[in-house]
Amino acid sequence: MGLRLLVIFILLVFLLPIILIIPLSFTSVAYFQIPPPGYSLVWYEKVLQDPVWIQVFSRSLFIGAITAIVSLVVGTMAAVAFTRLNFWGKNIFLPLMLSPMVVPTVVVAIGLYHFFSPFKLADTYTGMVLSNSVIAIPIVFTLVIASLKGVDRNLELAAMGLGSTPIGAFFKITVPLMKTGLFSGALFAFSLVFDEPIISLFMSGANTKTLPIKYWESLRTSIDPSIAVVSTVLIIMTVALFLIQGWIGSNAAKRNVRQE
């Protein structure tokens, strides 16, 4: 009983500041007060009628989707190579792959800026996708490795013994079995674009400004409930994505139990 209360208390400490954002987005006044003196949709109307918020949100969705695809492909290929192959330098491959997760983000951002600037990739969609992918690929790599460890390699060998090619066996047998890890990696890569302001501060410009930069600018100039509105939308979007992830993982687990 004591452990259960401790867990509930820890969850409240973590979740309460996030949950409080939602009622604040429906306030009828131009300042934050808990509880709000009145409730209104006026700030939702303001955000929806503001072309800057709509533009940066749409741009973030696009960059996040491309980043998720690039990170998923490269991270999966790296995870499969590390798990299945023996090659020179394998001992240092893992630390190098995980280094963007260990090195401070500001150091990575400075390095990316100086590396991409000579190629004129700063303030471009390509530069934004590549720079965010540098941070996202290690996350995908880690999640896919964890999924691959739960896949029996003999299933692939059996498929190849029945006439399938190695690539065909991988996509028909292995990929469906580790789709939970793949979806989780893509989800984290996608959400990184909405949550990483430092990379965007160095790599973005007037043409590639994303949601974290707009957040930063709004906090510096004036704080109004518009920020709570956008935060509420992101909270709902994130919860929905993780519910889908949990649903996929639950279905995969049930399917594995039936097969056993």
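Residues numbered from 1 in each chain as written. Predicted model: local features only at pLDDT ≥ 70, side-chain atom pairs only at ≥ 80, totals over all residues. Heavy atoms only, no water.

Glancing now at the overall build of the protein chain. Scanning the protein chain from terminus to terminus reveals 13 helices and zero strands. Traced from its N-terminal end to its C-terminal end, the protein chain shows the element sequence α-α-α-α-α-α-α-α-α-α-α-α-α. Overall, the C-alpha framework of the protein chain stretches about 70 × 60 × 35 Å when taken along its three principal axes. A buried classification covers 35% of the 260 residues belonging to the protein chain. When contacts within the protein chain are restricted to residue pairs at least 6 apart in sequence, those whose partners lie at least 24 apart make up 71%. About 15200 Å² of surface is accessible on the protein chain, with carbon and sulfur atoms providing 72% of the total. Seen as two clouds, the 16 positive and the 10 negative side-chain charges of the protein chain have centres 9 Å apart. (Helix = DSSP H or I, 4+ residues; strand = E, 2+ residues; numbered from the N terminus. Buried < 20%, exposed > 50% of the residue type's maximum accessible area, 1.4 Å probe, protein only. Contact = heavy atoms within 4.5 Å. Areas by Shrake-Rupley, 256 points an atom, 1.4 Å probe, with all protein chains shown as cover. Lys, Arg positive; Asp, Glu negative; His and termini not counted. Charge placed at Lys NZ, Arg CZ, Asp CG, Glu CD.)

Within the element layout of this structure, Ser-226 appears in helix H13 (residues 226–259). On the accessibility criterion, Ser-226 (3% relative accessible area) is buried. What Ser-226 contacts, discounting residues up to four positions off in sequence, is Trp-43, Lys-46, Val-47 and Trp-53.

Generally speaking, soluble globular proteins have nonpolar side chains that are buried together. If you look at the biggest cluster of nonpolar residues, it comprises 45 residues, and the most contacted ones within it are Phe-141, Val-144, Met-178, Leu-211 and Val-230. Every element with two or more residues in this core is listed here: helix H3 (42–48), helix H4 (51–84), helix H6 (105–116), helix H7 (125–149), helix H10 (179–192), helix H11 (197–203), helix H12 (211–221) and H13. Among residues more than four places away in sequence, those in contact with Leu-211 are Trp-53, Val-56, Phe-57, Ser-60, Phe-194, Val-230 and Leu-234. (Core = buried A, V, L, I, M, F, W, Y, C linked by side-chain atoms within 4.5 Å.)

Moving on: the confidence of the model for the protein chain. When pLDDT is averaged along the protein chain, the result is 84, and 95% of the positions lie at 70 or above. Mean pLDDT across the secondary structure elements of the protein chain bottoms out at H13, with 75, and peaks at H4, with 91. (pLDDT = per-residue confidence, 0-100.)

Counted by the stated rule, this structure contains 11 aromatic pairs. Ring geometry for Phe-190 against Phe-194: centres 5.3 Å apart, planes inclined by 55°, an arrangement best described as tilted. An aromatic cluster of three or more residues is present, and its members are Phe-57, Phe-190 and Phe-194. The cationic tip of Lys-90 hangs over the ring face of Phe-82; the distance from NZ or CZ to the ring centre is 5.3 Å. The ring of Trp-53 has Lys-214 sitting right over it, with the charged end atom 5.1 Å from the ring centre. (Phe/Tyr/Trp six-rings, centres within 6.5 Å; stacked < 30°, edge-to-face > 60°. Lys NZ or Arg CZ within 6 Å of the ring centre and 35° of its normal.)

It is worth spelling out the pattern of salt bridges at this point. Enumeration over the complete set of coordinates arrives at one salt bridge. Between Glu-217 and Lys-209 there is a salt bridge whose closest N-O contact spans 3.2 Å. Look at Glu-217 and you get partly exposed, because its relative accessible area is 31%. (Salt bridge = Lys/Arg side-chain N within 4 Å of Asp/Glu carboxyl O.)

So, about the environment of Ala-78. In this structure, Ala-78 sits in helix H4. The exposure class assigned to Ala-78 is buried, which follows from its relative accessible area of 10%. On a C-alpha basis, the gap between Ala-78 and Tyr-125 in space is 24 Å, while along the polypeptide they are 47 residues apart. When near neighbours in sequence (up to four residues on either side) are disregarded, Ala-78 contacts Phe-93, Met-97 and Phe-141.

The next thing to look at is H4. With 34 residues, H4 extends 49 Å from end C-alpha to end C-alpha; this agrees with the ideal 50 Å at 1.5 Å per step. You can read the cap of H4 off the contacts: a side-chain oxygen lies 3.0 Å from the backbone nitrogen of Val-52, and it is on Asp-50. (Expected span 1.5 Å × (residues − 1). Polar contact = N/O pair within 3.5 Å; in protein donor to acceptor, adjacent residues only side chain to side chain.)

Here the focus is the environment of Ile-34. Here Ile-34 is to be found in the loop between helix H2 (21–24) and H3. For Ile-34, a relative accessible area of 56% translates into the label exposed. Here the alpha-carbon distance between Ile-34 and Pro-23, two residues 11 residues apart in the chain, equals 8.4 Å. Setting aside residues no more than four positions away along its own chain, Ile-34 makes contact with Leu-20 and Leu-24.

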